[in-house]
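Structure at a glance
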Amino acid sequence: MNTVTCIAPINIAVIKYWGKRDDKLILPLNDSISATLDTEQLCAKTTVMISPNFKNDCIWLNGKEEDIKNPRLQNCLTEIRKRAGHSKHLNQWKIHICSENNFPTAAGLASSAAGYACLVTALAKLYEVEGDISMIARLGSGSACRSTTGGFVRWYMGSEPNGTDSIVKQIVPANHWPEMRILILVVNDCRKKVSSAIGMKRTMETSELLKHRVKHVVPERANRIQQAIIEKDFKTFAELTMKESNQLHAVNLDTYPPNIYMNDISHAIVELVHLYNEAVHDVKVAYTFDAGPNATLYLLKTDVPKFMGVLDYYFPPLEDVLVEYKKGLSIDAVKPSEDLLNKINIRKHNLGCFKYIIHTRIGDGPKYLQDSKDHLLNNQGWPINRI
């Protein structure tokens, strides 16, 4: 038997990928830029095993068996097997795949990006595939290509019809901006009503605003935010991040029928961030929302305690929370002053608007786990945590 286990990060885009110029190859309409998050707090974990004794290819996600014939999964498997190095004989053996996330799936937290990046990274080692694997991950989920690399990452749309130049390049490594912190506010961890794939297709077919965005807005904005990242210019980075998030949801509202991903709590977070920045006379916090209601906030380490105190005041947690409410890096929240609260001047929300909050940082790309105790499959190739 041959077994490989790997973990891979999620990534949160600051310049969004929304719309494909080729559905099969998953080629985007525009460049996108993202931050890879630390795997200590958020990751997918995948074990792949091949054996001449297996009767069929199988896959389990979060303990439940899924359809191995999923077209995108098959595309990744086919491409990996095509590129197999010295292991061509392994192509005749069946494969078992087991994957788990330590965060909600299909709730707008980039679960498919982490999952496919993890799968392809593990398969590449198993089949001895060398070279760039981001293009293979892209066949599973477009944004997965960005999770194959750490730090801040740019996915180039490319122009070749076969997608060979639609690749990922690192802008800066994870240690370039060590002061950067991320707060993920999990508003709702259930599956969204309209998947990203369906939502994108609908926007492509009906939104005039999308055409304007792709041609006139994103090229310049992507270059400006890349420069802000290189120069560690937080104010420019923050303002462009928020404008970009707003425009993503604007094109979704311009879609017919509209794709609604944000909810009332999402909009309340947007309002609070703007009022907080006004109250402190600076841009200290930036929000971004992907295709879901959960907020990702970017801010610098020194500003986390003060803003966390404001969040706790306006969005108080339930007092009898059964799960850990603040996950990830520790936070010592600072109670907001009366003067600050008077400047912000909005109503407090009901208890329990957030299911939990994750505090994290910029991280590296996928990692291999060498200890056999980390495997998700047992010696016979069955999931250890099977439902």
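Residues numbered from 1 in each chain as written. Predicted model: local features only at pLDDT ≥ 70, side-chain atom pairs only at ≥ 80, totals over all residues. Heavy atoms only, no water.

**Observations concerning the overall build of the chain**
- The helix and strand tally for the chain stands at 9 helices and 17 strands.
- Rg of the C-alpha trace for the chain: 21 Å, near the compact-globule value of 21 Å for 387 residues, within the 12% margin.
- The dimensions of the chain, computed from C-alpha atoms along their principal axes, are 70 × 50 × 40 Å.
- Out of the 387 residues in the chain, the part that is buried amounts to 57%.
- In the chain, once contacts between residues fewer than 6 apart in sequence are set aside, the share between residues at least 24 apart is 79%. (Helix = DSSP H or I, 4+ residues; strand = E, 2+ residues; numbered from the N terminus. Rg over C-alpha atoms; globule rule 2.2 N^0.38 Å. Buried < 20%, exposed > 50% of the residue type's maximum accessible area, 1.4 Å probe, protein only. Contact = heavy atoms within 4.5 Å.)

**With respect to the side chain of arginine 146**
- Structurally, arginine 146 is set in the loop between helix 3 (134–140) and strand 10 (152–155).
- As a buried residue without a salt bridge, arginine 146 has its nearest oppositely charged side chain in aspartate 290, at a separation of 6.0 Å.
- Among the polar contacts made by the side chain of arginine 146, one reaches the side chain of serine 32 at a distance of 2.8 Å.
- Excluding residues that lie within four positions of it along the chain, arginine 146 makes contacts with Asn11, Ala13, Tyr17, Ser32, Ser34, Thr36, Val153, Trp155 and Val168. (Lys, Arg positive; Asp, Glu negative; His and termini not counted. Salt bridge = Lys/Arg side-chain N within 4 Å of Asp/Glu carboxyl O. Polar contact = N/O pair within 3.5 Å; in protein donor to acceptor, adjacent residues only side chain to side chain.)

**Here we look at the sheet that holds strand 15 (residues 326–328)**
- Taken in spatial order, the 5 strands of this open sheet run 13-14-12-16-15, and their pairing is mixed. If you trace the sheet from one side to the other, it starts and ends with strand 13 (285–288) and strand 15, each paired once. Sheet twist, expressed as the mean angle between neighbouring strand axes with direction ignored, is 25 degrees.
- For strand 13 and strand 14 (residues 295–300), the ladder comprises 4 bridges, and the chain directions are antiparallel. Residue pairing in the sheet places tyrosine 287 in a bridge with leucine 297 of strand 14. (Pairing = 2+ DSSP bridges. Axes fitted to C-alpha atoms, helices over the stretch in contact; angles between N-to-C directions.)

**A look at the pairing of strand 2 (residues 11–15)**
- Most of strand 2 sits out of view: 5 of its 5 residues are buried.
- Pairing geometry for strand 2 and strand 5 (residues 32–36), over 4 bridges, is antiparallel. Bridge pairing links alanine 13 to serine 34 in strand 5.

**A short note on the sheet that holds strand 8 (residues 64–66)**
- Sheet architecture is open: 6 strands sit in the order 8-7-9-6-1-17, paired in mixed fashion. The strands lining the two open edges of the sheet, one partner per strand, are strand 8 and strand 17 (367–369). When the angles between neighbouring strand axes are averaged without regard to direction, this sheet yields 25 degrees.
- One ladder, built from 8 bridges, connects strand 6 (residues 43–51) with strand 9 (residues 94–101); its direction is antiparallel. Paired with threonine 46 across the bridge in strand 9 is serine 99.
- Its contacts with the sheet put helix 2 (residues 111–126) on strand 1 (2–9), strand 6, strand 9 and strand 17, and the angle it makes with strand 1 is roughly 145 degrees.

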